[in-house]
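Architecture and fold: a report
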Amino acid sequence: MKNKYRILKIAITVIILGFLLSFSLKKFGSQKITDNKISVKMNEKTPVYFIDEKDIREIVNKENPSRKVGDLNIPELERKINALPAVDSANVYLNLNGKLNLDIKQRVPVFRLNYNGKDFYVDEKGTEFPISRTYSHPCMLVTGDVKKDEYEKLADLVDKIDKDDFSKKYFIGISKYKDSYNLLTSEGNYKVEIGDLDNIELKVKGFKTFVEKYLVFQDPQKYKMISVKYQNQIVTTLNPYFKENDSILKASHKDLAKTPVAVVKKATSTSLKPKENTKPKTVVKPKEKKITPEKKKVTKPKTKAKVKIE
C-alpha cells in the first residue's frame with residue numbers, strides 16, 4: 001500500500017509540473033526574448049576572456065532569429081555553445097517567467113605549448129584548445145616535443161610552481177630537449193635540468209637549497225646549467241663566456257694536462273743534461289778521505305743525470 005501511495009504521489013507531481021510547464025509555454029511562447037531577459041553567467045574561478053557575454057548573446061540571436069520563446073531550441077543552443085573550443089561546459093535553461101539563463105564555464109589554460117610552429121593552450125584536464133586572436137592568457141610557456149600523456153604531469157608541475165612563491169619567482173618557462181625537461185629561470189642564462197617529471201618536489205627543493213647556500217653569494221651568469229635530476233646531488237656546468245670562469249677553466253685544463261698519458265715525452269741523449277736555470281738538488285757531501293802520495297791519479301765517477309717528469 002505504501003509503495004502504491006508513493007507511486008501515485010509521484011505521478012500526480014509529474015502531471016502538475018507538466019501542466020504548469022505547458023501553461024507557461026503557452027503563456028510565454030509568443031513573447032520575445034529581449035536582451036534584459038537573457039542572463040549570461042561565467043562561472044570560472046580564474047577570470048578568462050576567450051569569449052564574453054556579447055559573443056553568447058550573438059549566438060542566441062542567431063539560433064533564434066524570431067526571438068520568440070516558443071521558437072527557441074534549448075538543446076541545440078546548448079550544443080552550439082558547448083562546441084566552442086574555449087568552453088568547458090554550458091548549461092542553458094528557461095525560467096517559468098520566460099527568462100533565458102546561460103551558465104558557462106570557460107577553459108582555463110595551465111600552460112601554452114609551442115612546438116614545430118604550432119601554438120595552443122592546454123587546461124588542467126589535458127585538453128588542447130587554440131589560442132585567441134583577441135585575448136592572450138598569462139600562463140607558463142612550454143616548448144619542445146611534449147607528448148599528450150605528459151600533459152597532466154606537466155600541468156601538475158606548473159600548478160606547484162604557481163603556488164610556491166620561491167618557484168614562481170625563479171621559473172618563467174619550461175623546455176623539453178629529447179626526454180629531459182629544463183626549467184628556464186628569470187635570473188642569469190642558466191637552465192635547471194630536472195630530467196623527467198617524477199619527484200618534482202624533491203628536485204625543486206634541491207635547487208632551492210643550492211640557491212640559498214651558494215647562488216645568492218655568486219653571479220648568476222657564472223653557470224650555464226644546474227642539474228638536479230640526479231638523486232641526492234647537484235651538478236653544475238660553468239658558463240664558458242663568463243670572464244671570471246676563465247681561471248677556473250684554465251686550472252681544470254692544467255689538471256687534465258697532468259695525466260701520465262699527456263705528459264710523457266721521449267727522452268733523448270741531450271735531454272739528460274740539466275738546464276742551467278733549474279736549481280740543483282741539495283747533495284750531501286761525503287766525508288773527506290786522506291789521499292796518499294801513491295794515489296795521485298783519481299778517476300772521476302760518472303754522474304747520472306736525474307729526469308723529473310711533471
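Naming follows an unreviewed UniProt entry, where the chain appears as Cell division protein FtsQ of Chryseobacterium indoltheticum.

Examining the pattern of salt bridges
The tally for this structure, following the rule as stated, stands at 18 salt bridges. Note that Lys163 is salt-bridged to Asp159, the shortest N-O span being 3.3 Å. Residue Lys163 and its partner Asp159 are located together in helix H4 (residues 151-163), separated by 4 residues, close to a single helical turn. Overall, the relative accessible area of 66% leaves Lys163 in the exposed class.

Some points on the packing of aromatic side chains
Under the defined criterion, the tally for this structure stands at 12 aromatic pairs. Both rings, one in Phe166 and one in Phe207, keep their centres 6.1 Å apart while their planes meet at 55°; by these two values the pair is tilted. Of this pair, Phe166 sits in helix H5 (residues 165-170) while Phe207 is found in helix H6 (residues 200-213), placing the two residues 41 residues apart along the sequence. Both residues of the pair, Phe166 and Phe207, count as buried. Judged by centre distance (5.8 Å) and plane angle (75°), the rings of Phe210 and Tyr223 are edge-to-face. Of this pair, Phe210 sits in helix H6 while Tyr223 sits in strand S11 (residues 223-227), and the two are 13 residues apart along the sequence. Residue classification places Phe210 among the buried positions, given a relative accessible area of 8%. Joined through ring pairs, the aromatic side chains of Tyr49, Phe50, Tyr121, Phe129 and Tyr135 make up one cluster.

Digging into the packing of helix H2 (residues 53-63) against helix H3 (residues 74-82)
Look at H2 against H3: their axes get within 10 Å of each other, and the N-to-C directions meet at 140°. As far as their axial angle goes, H3 and H2 are oblique. As H2 runs across H3, the sense of the crossing is right-handed. The residues of H3 that touch H2, namely those facing Ile56, Ile59, Val60 and Glu63, are Glu76, Leu77, Lys80 and Ile81. Its residues placed into classes, the contact of H2 with H3 shows 5 nonpolar, no polar and 3 charged.

Description of a nonpolar patch on the surface
Residues Leu8, Ile12 and Ile16 make up a contiguous nonpolar surface patch of about 280 Å² in total accessible area. Inspection of the secondary structure assignment puts Leu8 in helix H1 (residues 2-28). Judged by its relative accessible area of 52%, Leu8 falls in the exposed class.

Let's talk about the nonpolar core
With 33 residues, the main nonpolar core has Phe111, Leu154, Leu157, Ile174 and Phe207 as its most contacted residues. If one sorts the elements of this core by residue count, H4 sits on top with 6 residues. In this structure Phe111 touches Phe120, Tyr121, Val122, Cys139, Met140, Val142, Tyr151, Leu154, Ala155 and Val158, once residues within four positions along its chain are discounted.

Conventions we followed
Residues numbered from 1 in each chain as written. Predicted model: local features only at pLDDT ≥ 70, side-chain atom pairs only at ≥ 80, totals over all residues. Heavy atoms only, no water. Salt bridge = Lys/Arg side-chain N within 4 Å of Asp/Glu carboxyl O. Helix = DSSP H or I, 4+ residues; strand = E, 2+ residues; numbered from the N terminus. Buried < 20%, exposed > 50% of the residue type's maximum accessible area, 1.4 Å probe, protein only. Phe/Tyr/Trp six-rings, centres within 6.5 Å; stacked < 30°, edge-to-face > 60°. Axes fitted to C-alpha atoms, helices over the stretch in contact; angles between N-to-C directions. Parallel < 35°, antiparallel > 145°, perpendicular 65-115°, else oblique. Left-handed = near helix turned anticlockwise from the far one by under 90°. Contact = heavy atoms within 4.5 Å. Nonpolar A, V, L, I, M, F, W, Y, C, P; charged D, E, K, R; others polar. Patch = residues over 30% accessible without salt bridge, like charges linked within 9 Å, V, L, I, M, F, W, Y side chains within 5 Å. Areas by Shrake-Rupley, 256 points an atom, 1.4 Å probe, with all protein chains shown as cover. Core = buried A, V, L, I, M, F, W, Y, C linked by side-chain atoms within 4.5 Å.

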